[in-house]
Amino acid sequence: MSSENVMSAQKSASQQSPDSTTSATSKTGQGNPVLEIRGLSVDYGVGPQAVRAVNDVHLTLNRGEVLGLAGESGSGKSTLAYGATRLLPPPGVVTGGSVLYHPDDGDPVDLLRMTPGELRAFRWSQLSIVFQGAMNSLNPVTTVAAQLTDVIAEHRPKTSKADRMARAAELLALVGIARDRLDSYPHQLSGGMRQRVMIAMALALEPRVVIMDEPTTALDVVMQRQIMRQLAKLKEQLGFSVIFITHDLSLLVEFSDRIAIMYGGRIVEQAPAVELYDNSLHPYSDGLLHSFPALRGPRRELTGIPGSPPDLRDMPVGCAFQPRCPKAFDPCGGSPPPLVRPASDPGRSVACYLHPSA
Amino acid sequence: MKYFARRLGFYILTLWAAITINFFIPRMIPGNPVDSLIAQRRGEIDSNAIKSLDILFGLDKHQSLLSQYWSYLGQLAHGDLGISFQNFPEPVTSVLGSALPWTLGLIGTTTILAFLIGTLLGVFAGWKRGTWVDGLLPVTTFLSSIPYFWLGLISVTLFTGVDSWLPSSGGYDPGLVPGWDFGFIGNALRHSILPAATIIISSVGGWLLAMRNMMVTVSAEDYITVAHAKGLSDRRVMTKYAARNALLPSVSGFGMALGLVVGGTFLVEYVFSYPGVGLQLLNAISGHDYPLIQGVFLTVTVAVLAANFLADLAYMALDPRTRKEG
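Residues numbered from 1 in each chain as written. Chains lettered and ligands numbered in written order. Predicted model: local features only at pLDDT ≥ 70, side-chain atom pairs only at ≥ 80, totals over all residues. Heavy atoms only, no water.

Undergrad: In this structure, what is going on with the overall build of chain B? I would like to understand it.
TA: When helices and strands are tallied, chain B shows 13 helices and zero strands. For chain B, the sequential pattern of α-helices and β-strands runs α-α-α-α-α-α-α-α-α-α-α-α-α. Referenced to the eigenvectors of the C-alpha coordinate spread, the extents of chain B come out at roughly 85 × 65 × 35 Å. Buried positions account for 40% of the 326 residues belonging to chain B. As displayed, chain B offers around 17,400 Å² of accessible surface, 69% of which is attributable to carbon and sulfur atoms. Within chain B, the 19 negative side-chain charges are centred at a point lying 15 Å from the centre of the 20 positive side-chain charges. (Helix = DSSP H or I, 4+ residues; strand = E, 2+ residues; numbered from the N terminus. Buried < 20%, exposed > 50% of the residue type's maximum accessible area, 1.4 Å probe, protein only. Areas by Shrake-Rupley, 256 points an atom, 1.4 Å probe, with all protein chains shown as cover. Lys, Arg positive; Asp, Glu negative; His and termini not counted. Charge placed at Lys NZ, Arg CZ, Asp CG, Glu CD.)

Here is the structure:
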């Protein structure tokens with residue numbers, strides 16, 4: 001990306017943020033937000049070589065909700081999650097925005113402005129993450145029990161060792177793993193079991209928000225389904241909110257309340273899951289939905305999306321999807337379309353010139 | 001347990017192979033100890049003397065190679081390594097016995113110290129990469145790339161002299177009788193400062209670099225991100241998650257280094273005239289003292305195998321993946 005492009009991207013980001021802030025928060029916030037991402041931008045690298053992977057994203061997670069975040073590889077969905085939780089490894093840099101967490105009681109706090117100590121205390125007790133690739137998410141040289149209990153010991157130092165072990169066994173039971181697996185090492189578990197251990201670990205401190213980054217991608221379809229069912233059940237039981245990141249839109253349609261679609265580092269459409277499935281507004285969402293077959297209902301033609309995801313170093317001028325878009329027309333080559341509530345359906349938002357705001 | 005038994009079997013087999021090779025190779029070399037003694041005297045030995053030497057070294061019996069091999073194994077089992085030519089009639093075992101403590105004391109201690117210091121610094125250098133700690137790397141790499149003999153000679157030139165407290169050579173002052181009293185131990189320690197310091201300076205860099213690079217590699221692993229996300233303290237993530245995994249390759253290297261300790265370090269012992277195994281080996285080679293050379297090689301072999309076996313055990317304790325159950 002040339003420096004000129006960075007400039008224009010930043011300019012457009014600042015131009016569009018006031019408008020989209022109001023639209024994102026007031027529209028989707030059905031009263032009770034638990035996590036609000038406002039105008040988050042993430043770069044890889046600094047200076048003129050920097051690549052903007054997440055561009056001015058607004059996203060609100062409501063209490064008890066499952067919010068799906070979908071997009072192709074490289075669309076910035078994982079970067080968004082890591083950036084918002086300050087886990088981004090260098091050269092990733094959060095360049096702007098705020099991430100507000102609303103505790104059950106008390107004022108919202110901004111994750112991006114916490115001191116390291118506050119951040120440590122916040123992590124896992126309020127917000128936990130189930131990571132992509134369970135195969136490598138467990139420390140290979142210590143037991144499952146040790147990894148389940150160390151986080152409890154860190155956050156609740158007053159608990160006794162026996163209590164922590166009991167809790168670890170309870171957590172394993174929650175995800176359907178026998179308690180004699182406590183003494184197992186990660187390499188002695190199957191992929192599905194490891195993923196379930198990660199889910200159990202994420203629930204150890206009963207957090208209010210769980211971010212799941214492609215938790216089932218490495219598993220076969222049967223195991224995927226089993227784990228998703230279990231997750232849905234646990235969510236009902238424990239009442240946490242979920243941000244579910246995946247490229248598998250079919251999974252999201254089934255399990256999430258609301259879906260946000262990302263493309264080229266921006267959110268291009270946001271709508272309740274059913275509405276998005278029945279009537280997607282953005283041509284990209286439409287393309288994604290036509291990339292997998294429906295099991296029920298009328299047959300649809302599988303089309304896929306021609307072309308390949310945009311190169312973040314050399315983003316198209318205007319709408320990032322424009323070069324691949326079958327419906328592209330004149331305004332698409334101008335400035336990137338802002339995320340607005342379309343006139344046709346103010347209950348959702350879309351960033352496309354085909355659907356101007358009211 | 002199965003793993004353990006298999007490793008043990010492997011080491012016993014290796015030991016036997018090493019002993020066998022150690023027996024046959026010198027016998028494949030033309031000539032015998034008597035010939036070399038004659039050569040030393042430039043042939044000015046009368047035939048009676050040669051005959052008595054033949055009897056002394058057991059060359060008059062004309063045994064077959066196989067029966068020699070069996071009696072060699074029998075002697076080894078009794079801890080008999082033969083008689084040293086140079087220190088005639090002292091047996092090889094007592095020559096080695098007087099040299100080993102010096103080598104073990106100096107090289108052993110410094111190897112362990114260098115490993116500990118280097119690894120510890122490596123943990124920090126890897127964890128805090130991108131900060132001022134990175135400045136350590138070029139310094140230690142520079143120090144470890146200095147040829148040792150030069151480092152040793154320079155340190156002797158700089159720090160020893162007529163009016164210096166530090167001695168330039170030997171393991172203790174010539175006038176002293178070795179014994180476990182404070183005067184002697186203090187004197188021996190004073191003699192070891194310079195060689196020890198130079199060894200540590202030249203070998204710390206290797207451990208540091210290895211550990212740092214492993215730390216950097218391990219830091220990119222998913223489980224480190226998970227550990228951070230769990231809100232664990234930075235120190236805990238560094239020790240229990242990163243260093244614990246990064247240490248594994250260094251353990252094997254350390255086992256190897258410990259095994260080689262017994263062989264002494266020629267250069268160290270040569271530069272500082274330190275009375276260790278390395279210096280003995282050097283003298284033995286220059287004096288064609290085959291029994292002593294064989295004895296040193298055998299000791300080194302056994303030590304390397306034993307150290308590797310210990311490293312295997314340590315590895316087994318540290319890495320559950322090597323413990324195959326069933």
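Undergrad: Just checking my understanding: could you explain the pattern of salt bridges for this structure?
TA: When charged atoms on two side chains of opposite charge get close, those side chains can pair. Counted under the stated rule, the structure contains 19 salt bridges over all chains. One salt bridge connects Asp312(B) with Arg7(B), and the closest N-O pair in it is separated by 2.6 Å. Taken together, the residues Asp312(B) in helix 13 (residues 290–318) and Arg7(B) in helix 1 (residues 2–28) connect sequence positions 305 residues apart. Asp312(B) sits in the buried class, given a relative accessible area of 14%. Exposure remark for Arg7(B): the relative accessible area of 26% places this residue in the partly exposed category. Salt bridges sharing partners connect three or more residues here, namely Arg63(A), Asp104(A) and Arg208(A). (Salt bridge = Lys/Arg side-chain N within 4 Å of Asp/Glu carboxyl O.)

Undergrad: Where do I start with the packing of aromatic side chains in this structure?
TA: Geometrically, a pair of aromatic rings is defined through the distance of the ring centres and the angle of the planes. Residue and element names in this part refer to chain B. One pass over the structure, following the stated rule, counts 19 aromatic pairs over all chains. With 6.0 Å between their ring centres and 50° between their planes, Tyr-69 and Trp-70 make a pair best called tilted. Since its relative accessible area comes to 8%, Tyr-69 is described here as buried. The class for Trp-70 is exposed, based on a relative accessible area of 56%. Here the aromatic cluster, defined as three or more aromatic residues joined through ring pairs, consists of Phe-23, Phe-24, Tyr-69, Trp-70 and Tyr-72. (Phe/Tyr/Trp six-rings, centres within 6.5 Å; stacked < 30°, edge-to-face > 60°.)

Undergrad: Explain the sheet that holds strand 4 (residues 92–101) of chain A to me, please; I cannot follow it from the model alone.
TA: In any sheet, the strands associate via hydrogen bonds between backbone groups, in a parallel or an antiparallel arrangement. Residues and elements named next belong to chain A. With antiparallel pairing, four strands are arranged side by side in an open sheet as 2-1-4-5. Two strands close off the open sheet at either side, each with one partner strand: strand 2 (51–62) and strand 5 (109–110). Of the strand pairs in this sheet, strand 1 (residues 33–44) and strand 2 are connected by eight bridges, and their pairing is antiparallel. Paired with Leu-35 across the two strands is Leu-61, which belongs to strand 2. (Pairing = 2+ DSSP bridges.)

Undergrad: I'm lost on the nonpolar core in this one. Help?
TA: Grouped together as the largest cluster of nonpolar side chains are 101 residues, with contacts concentrated most on Leu35(A), Leu59(A), Leu80(A), Phe244(A), Leu249(A) and Ile261(A). At seven residues, the largest contribution of residues to this core is made by helix 6 (residues 191–202) of chain A. Counting residues in hydrophobic clusters, the runner-up holds 18 residues, among them Leu166(B), Phe184(B), Ile199(B) and Tyr274(B). (Core = buried A, V, L, I, M, F, W, Y, C linked by side-chain atoms within 4.5 Å.)

Undergrad: Help me understand unusual backbone geometry, please; the structure alone is not making it clear to me.
TA: Of all residues except glycine, most have a negative phi; of all peptide bonds, most are trans. All names here are of chain A. The amide bond that connects Pro-90 to the next residue, Pro-91, takes the cis arrangement and shows omega of 10°. The residue Pro-91 is located in the loop between helix 2 (77–84) and strand 4 in this model. In the Ramachandran plot, Trp-124 falls in the positive-phi region, its phi being about 70° despite a non-glycine side chain. The topology assignment puts Trp-124 in the loop between helix 3 (116–122) and strand 6 (127–130). One non-glycine residue, Glu-206, lies in the positive phi region at around 50°. Along the polypeptide, Glu-206 turns up in the loop between helix 6 and strand 7 (209–213).

Undergrad: What is the right way to look at the UniProt feature "transmembrane region" (unreviewed entry) in chain B in this model?
TA: Residues and elements named next belong to chain B. The feature "transmembrane region" (unreviewed entry), as annotated in UniProt, sits at residues 7–25, 102–127, 188–210, 246–272 and 292–318 in this numbering. In residues 7–25, helix accounts for 100% and strand for 0%; the two terminal C-alpha atoms are 27 Å from one another. Structurally, residues 188–210 is divided into 100% helix and 0% strand, and its ends, taken at the C-alpha atoms, are 32 Å apart. (UniProt positions renumbered as here; feature names shortened; annotations may be inferred.)

Undergrad: For this particular structure, what's the right way to read the interface of chain B and chain A?
TA: How big an interface is tends to be stated in terms of the accessible area lost upon association of its parts. Facing 24 residues of chain B, the contacting portion of chain A comprises 25 residues. Interface area for chain B against chain A, summed over the two sides, is near 2,100 Å², with a carbon-plus-sulfur share of 59%. On inspection of chain B and its partner chain A, the count reaches nine residue pairs in polar contact (both at pLDDT 80 or more). When residues of the side of chain B that touches chain A are traced back to their parent elements, those giving at least two are helix 9 (222–229) and helix 10 (234–261) of chain B. The greatest single-element share of the side of chain B that touches chain A, amounting to seven residues, is contributed by helix 10 of chain B. Looking at the side of chain B that touches chain A residue by residue, the classes come out as eight nonpolar, five polar and eleven charged. (Contact = heavy atoms within 4.5 Å. Buried area = accessible area lost by both parts, 1.4 Å probe. Polar contact = N/O pair within 3.5 Å; in protein donor to acceptor, adjacent residues only side chain to side chain. Nonpolar A, V, L, I, M, F, W, Y, C, P; charged D, E, K, R; others polar.)

Undergrad: I tried to follow helix 6 of chain A on my own but got confused; where do I start?
TA: Every α-helix winds through 3.6 residues per turn, so residues three or four apart in the chain are directed the same way. End to end, helix 6 of chain A covers 17 Å across twelve residues, agreeing with the expected 16 Å (1.5 Å per residue, within 8%). Judged by how many residues are buried, helix 6 of chain A sits mostly within the fold: twelve of twelve residues are covered. What helix 6 of chain A keeps buried is the set Gly191(A), Gly192(A), Met193(A), Arg194(A), Gln195(A), Arg196(A), Val197(A), Met198(A), Ile199(A), Ala200(A), Met201(A) and Ala202(A). Tucked into the core, helix 6 of chain A has its buried residues touching strand 6, helix 4 (144–155), helix 5 (161–174), strand 7 and helix 7 (221–238) of chain A together with helix 9 of chain B. (Expected span 1.5 Å × (residues − 1).)

Undergrad: Can you help me understand the domain arrangement of chain B in this one?
TA: Residues and elements named next belong to chain B. In terms of domains, chain B is made up of domain 1 (2–77) and domain 2 (93–322). A separation of 33 Å is found between the C-alpha centroids of domain 1 and domain 2. If you look at the interface, domain 1 gives 17 residues, while domain 2 gives 14 residues. Both sides together, the interface formed by domain 1 and domain 2 hides about 1,400 Å², and carbon and sulfur atoms give 71% of it. Looking at the side of domain 1 facing domain 2, the largest losses of area belong to Tyr-3, Tyr-11 and Asn-22, adding up to 40% of the total buried there. At the junction of domain 1 with domain 2, the criterion picks out one salt bridge. Looking at the side of domain 1 that touches domain 2, the elements with two or more residues in it are helix 1, helix 2 (33–40) and helix 4 (65–77). Of the residues that constitute the side of domain 1 that touches domain 2, the class distribution is eleven nonpolar, four polar and two charged. (Domains from an automatic or database assignment.)

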